[in-house]
Amino acid sequence: MKLTAISKLKFKRKSTIQGFVVSIRNKTNIAFLVVKDFSSKIQITINKTITPQFNELIDRLTIQSVITVVGQMHENPQVKLNGREFIPSKIILETKAATPLPVDDNSLLDQRLDYRWIDLRSERNQLIFKVQTVLTNYFREFLLKHGFVEIHTPKLIATASESGSDLFEISNYFDKKAYLAQSPQFYKQMAIAAGFEKVFECGPVFRAEKSRSNRHGTEFVGFDLEFYNVESVIDVMRFEEAMIRYAFKKLQKKYGADIKRVFAIELKLPVGKFPIMNLKDIYQELKQRYNYYVPEVEQTDLNAEGEKLANQLAIEKFNSEFLFVVGYDKATRPFYHARDAQGNPQGYDLIYRGVEITSGAKREHRYDQLVKQAQEKGLDKDVRFYLDFFKYGIAPHGGFGIGLDRITMLILGITIKEAMLCFRGPDRLVP
């Protein structure tokens, strides 16, 4: 049986479609069904007098049942759904859905997450993953055009990749403790040491954080890359900017209208270069413009409120939804970030629509200096295997990582729980 996607149907051509029944209007002499597949929806019009063989089946139908329909599509200006209807010659009830449904569009989000497979059937929720799919593809497409190689790093590791906290420990399999990777950072750099020059990965990341915010998950999908020929952190920032511009332009063309129609939010293409601001300068402007103040000793990072105000600042000052933040203290940055002549880390965060989506940096590639910086953090013994990557020659390099779920969330104006197929957090492990 060859199925035709509803969006690909041709007029007056015999076709077979299959999908969920999302609406039933069963009248005395006529019945109207709306059937939805992943591509679109269509009205099935059944004249019960002409085709009485379908009457019993229609009486048994329930919402969300799956049917296969053979027939032809016709124009009908009276049909509100795109002025088209499908006239069936054969209908097969594949599965009858139990009734009543446990959730609907008006249910609370956590209730809908309990029945995620039903919740995801809506056009709105399926558009989330269509957007995420092509966004990922456009990132990948951009990198392949620039000579990058895709790698897949291990998710079972022997030590922390950045620090000793926020790790999921595995202690009942190996002869020593192991952990789920909180970042592919070390292995991206191992690939650079191997002479790969430009690498990227799209894969799962695990963080044993107890956060219950609308932007954090204990498991998420990271899009990470690393590349050589980096002189300063500016090289890394401008490469990321070019990648985002490329992907957003193509995403706007493919799904911009659908995003605006379904989510009532506009995907704006970046105008001009992404602005760069020092963290201290941001705090000064936040105080002057919005009377937002935190003690100087706490101005080592931006909290959630600070990020939102920094976004407002970027829009007002630069007409930009993106803002690169630099000038972080070495105490708050990973040990593997390169430092300038004054000892300041050459790293950055990228804020988009009031939320940090990226951390990036030029990396420290000199073995002796890297050992010294690891010792400052008390990590030199834990990361000895990683330090070995730098003993035998490695090119100056840098990179960054984007949370795909988080950037999807921000593009569509939704929560992180909705941007993941199956959200994982401190209170959710099923389905």
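Remember, it's a predicted structure, so these values are computed and weren't measured experimentally.

J.: Where do I start with the sheet that holds strand β6 (residues 149-150) in this structure?
T.: Where strands meet in a sheet, backbone hydrogen bonds hold them as pairs that are either parallel or antiparallel. Judged by pairing direction, the sheet is mixed, and its eight strands sit side by side in the order β6-β10-β11-β16-β15-β14-β13-β12 without closing on themselves. Looking at the sheet topology across the chains shown, the edges are occupied by β6 and β12 (276-278). Note that strand β11 (residues 219-228) and strand β16 (residues 397-403) share seven bridges and pair antiparallel. Pairing of glycine 222 across the sheet is with glycine 403, part of β16.

J.: Looking at this model, I keep getting lost on the packing of helix α6 (residues 233-263) against helix α11 (residues 404-412). Mind explaining?
T.: Packed helix pairs are specified by the crossing angle of their axes together with the interaxial distance, meaning the distance between the axes. Taken N-terminus to C-terminus, the directions of α6 and α11 make an angle of 55°; their axes are 11 Å apart at the nearest point. Comparing the axis directions of α6 and α11 gives the class oblique. Residues Phe248, Leu251, Ile259 and Phe263 of α6 form the contact with α11, whose own contacting residues are Ile407, Ile411 and Leu412. Its residues placed into classes, the contact of α6 with α11 shows seven nonpolar, no polar and no charged.

J.: So what exactly am I meant to see when it comes to the packing of aromatic side chains here?
T.: How two aromatic rings sit relative to each other is set out by the distance from centre to centre and by the angle between their planes. Scanning the model with the defined rule gives 26 aromatic pairs in all. Among the aromatic residues, those joined into a ring-pair cluster are Phe186, Tyr187, Phe335, Tyr336, Phe385, Tyr386, Phe389 and Phe390. Here lysine 130 stacks its cationic end above the ring of phenylalanine 38, 4.6 Å away from the centre of that ring. A cation over a ring is seen here: arginine 333 above tyrosine 328, with NZ or CZ 3.8 Å from the ring centre.

Quick notes on the rules
- Residues numbered from 1 in each chain as written.
- Predicted model: local features only at pLDDT ≥ 70, side-chain atom pairs only at ≥ 80, totals over all residues.
- Heavy atoms only, no water.
- Pairing = 2+ DSSP bridges.
- Helix = DSSP H or I, 4+ residues; strand = E, 2+ residues; numbered from the N terminus.
- Axes fitted to C-alpha atoms, helices over the stretch in contact; angles between N-to-C directions.
- Parallel < 35°, antiparallel > 145°, perpendicular 65-115°, else oblique.
- Contact = heavy atoms within 4.5 Å.
- Nonpolar A, V, L, I, M, F, W, Y, C, P; charged D, E, K, R; others polar.
- Phe/Tyr/Trp six-rings, centres within 6.5 Å; stacked < 30°, edge-to-face > 60°.
- Lys NZ or Arg CZ within 6 Å of the ring centre and 35° of its normal.

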